[in-house]
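# Coordinates in review
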Amino acid sequence: MPEAAESPVTSVDRALRILTALGAAARGLTLDDLADRLGIPKSSLHRILAALKHRRFVSQPETGGPYFLGAELLATAFRFHDALDLRALIHPLLARVSADLNETIHMAVLDGAEVIYQDKIEAPHSIKLSSVIGGRNPAHATGVGKALLAWTYPTDEALRAWATLFGPLPAPTQRTVASVSKLAEQLAEVRHRGYALDIEENETGVRCAAVPIFLGRPSPAAAVSITLLGVRAEPPRLTELGEYLSRTVAEWSVAPGG
């Protein structure tokens, strides 16, 4: 894959590219590997790596051997993750979606068999919903829950193990999918199209589209949803909202602060 153009601060840009490459190489990379992958002269690479090693952002256990991400970089990342305020981080995204669509927007995280709502922006034409910040609903019956389950348990075997631990699955409405095999089919569709749908599965008359948010890990950290009354959310509209939300979350994730 061709590298993006370097930033005006060339040395900083090169250092970040080195860290990105090492972050994707569990067995480390040699100086030659890095030069081949990044197209950076070895003399420049050697100087930048020396600076990163000095700050313990890069390690080289054996002289002349491969480089790895260093202990200080990993400690910094874990400290940030442990102290991360998801609501503060993701709220600007919710505000943008709410302003664009004038609809109710949720953000939730997965907790066992349930989702916990951590943020919510009500539409001016308020929908009477059971969701409140701090409240819970069955994950398999909600859009945000299915968006989280689809990648947290990405295989049928993993989903069955989850269901064995937390089942039987409740059915809040007649539309709820409480069969593990049918839920697995739904989640496969979610992964294929990139967004989840809740068509009156948690509350009669209420529908939503939801998208996961990944923060550098294979499993999503949270999910966001757009919620509407069923009379305003026929299948074509839900598809449109799901695709809009997928694009918007992707744009937010690469924007400064996203």
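Each remark here, short or long, concerns the structure printed above.
Let us look at the structure shown here. It should be emphasised that the depicted structure is a prediction, and the values quoted were computed from it without experimental measurement. (Residues numbered from 1 in each chain as written. Predicted model: local features only at pLDDT ≥ 70, side-chain atom pairs only at ≥ 80, totals over all residues. Heavy atoms only, no water.)

## Notes on the overall build of the protein
Operational definition: The secondary structure listing takes helices from DSSP runs of H or I that are at least 4 residues long and strands from runs of E that are at least 2 residues long, numbered from the N terminus. Only protein chains enter the accessibility calculation, which uses a 1.4 Å probe; a residue whose area is less than 20% of its type maximum is buried, one above 50% is exposed, and one in between is partly exposed. Only the protein chains shown count as cover for residues, and the accessible areas themselves come from Shrake-Rupley with a 1.4 Å probe. Positive: Lys, Arg. Negative: Asp, Glu. His and the chain ends are not part of the count. Note on charges: their place is set at NZ of Lys, CZ of Arg, CG of Asp or CD of Glu.
Across its full length, the protein carries 9 helices and 8 strands. For the protein, the spread of C-alpha atoms along the principal axes amounts to about 65 × 40 × 30 Å. Looking at the 258 residues of the protein, the share that counts as buried comes to 43%. Within the structure as shown, the protein displays about 13,500 Å² of accessible surface, and the carbon and sulfur contribution to it stands at 57%. A distance of 4 Å separates the average location of the 26 positive side-chain charges in the protein from that of its 28 negative side-chain charges.

## Observations concerning the packing of aromatic side chains
Here a ring pair, both rings aromatic, is described through the centre-centre distance and the interplanar angle of the planes. Inclusion rule: Aromatic contacts are taken between Phe, Tyr and Trp rings whose centres are within 6.5 Å, Trp giving its six-membered ring; a plane angle under 30 degrees counts as stacked, one over 60 as edge-to-face, and the others as tilted.
If you walk through the whole model with that rule in mind, you get 3 aromatic pairs. Note on tyrosine 153 and tryptophan 162: the rings are 6.0 Å apart at their centroids and 40° apart in plane angle, and the pair reads as tilted. Its relative accessible area of 2% is what places tryptophan 162 among the buried residues. With 6.2 Å between their ring centres and 50° between their planes, tryptophan 162 and phenylalanine 166 make a pair best called tilted. Taken together, the residues tryptophan 162 and phenylalanine 166, both in helix α7 (residues 156–166) and 4 residues apart, mark about one turn of the helix. Take phenylalanine 166: its relative accessible area is 33%, and that puts it in the partly exposed class.

## Concerning the sheet that holds strand β7 (residues 206–213)
Strand pairing in a sheet is mediated by backbone hydrogen bonds. Such pairs are either parallel or antiparallel. Heads up, the condition is: When DSSP finds two or more bridges between two strands, those strands count as paired. Only the stretch in contact is used when fitting a helix axis, every axis being a line fitted to C-alpha atoms; angles between N-to-C directions are given from 0 to 180 degrees.
On the basis of which strands lie adjacent, the open sheet formed by 6 strands has the order β5-β4-β3-β8-β7-β6 and antiparallel pairing. Unpaired on one side and paired on the other, β5 (136–138) and β6 (196–199) mark the two borders of the sheet. Adjacent strand axes in the sheet meet at a mean angle of 30°, parallel and antiparallel pairs treated alike. Pairing between strand β3 (residues 104–111) and strand β8 (residues 222–229): 5 bridges, direction antiparallel. Looking at the pairing, methionine 107 lines up with valine 224 of β8.

## Considering the side chain of serine 225
Defined as follows: Contacts are assigned to residue pairs with any non-hydrogen atoms lying within 4.5 Å of each other.
Checked against the element boundaries, serine 225 lands in strand β8. Once residues lying within four places of it in the same chain are set aside, the contact partners of serine 225 are Thr104, Ile105, His106, Val144, Cys208, Ala209, Ala210 and Leu245.

## Re the packing of helix α2 (residues 31–38) against helix α3 (residues 42–54)
Under the convention used in this document: Handedness of a crossing is defined here by the sense of rotation of the near helix relative to the far one, left-handed for an anticlockwise turn of less than a right angle and right-handed for a clockwise turn. Residues are grouped as follows: Ala, Val, Leu, Ile, Met, Phe, Trp, Tyr, Cys and Pro are nonpolar; Asp, Glu, Lys and Arg are charged; all remaining types, including Gly, are polar.
α3 packs onto α2 with a crossing angle of 115° between their chain directions and a minimal axis gap of 10 Å. Handedness of the crossing formed by α2 with α3: right-handed. Taking contact as the criterion, the partners of Leu31, Asp32, Leu34 and Ala35 in α2 are, on α3, Lys42, Leu45, His46 and Leu49. Of the residues in the contact of α2 with α3, the class split is 5 nonpolar, 1 polar and 2 charged.

## Re the side chain of threonine 104
The condition is simple: Pairs of N or O atoms are called polar contacts if they sit within 3.5 Å, as long as, within protein, a hydrogen donor faces a hydrogen acceptor (for residues adjacent in sequence, only side-chain-to-side-chain pairs).
Residue position: threonine 104 is located in strand β3. Within the structure, the side chain of threonine 104 is placed 3.1 Å from the backbone nitrogen of alanine 123, a separation counted as a polar contact.

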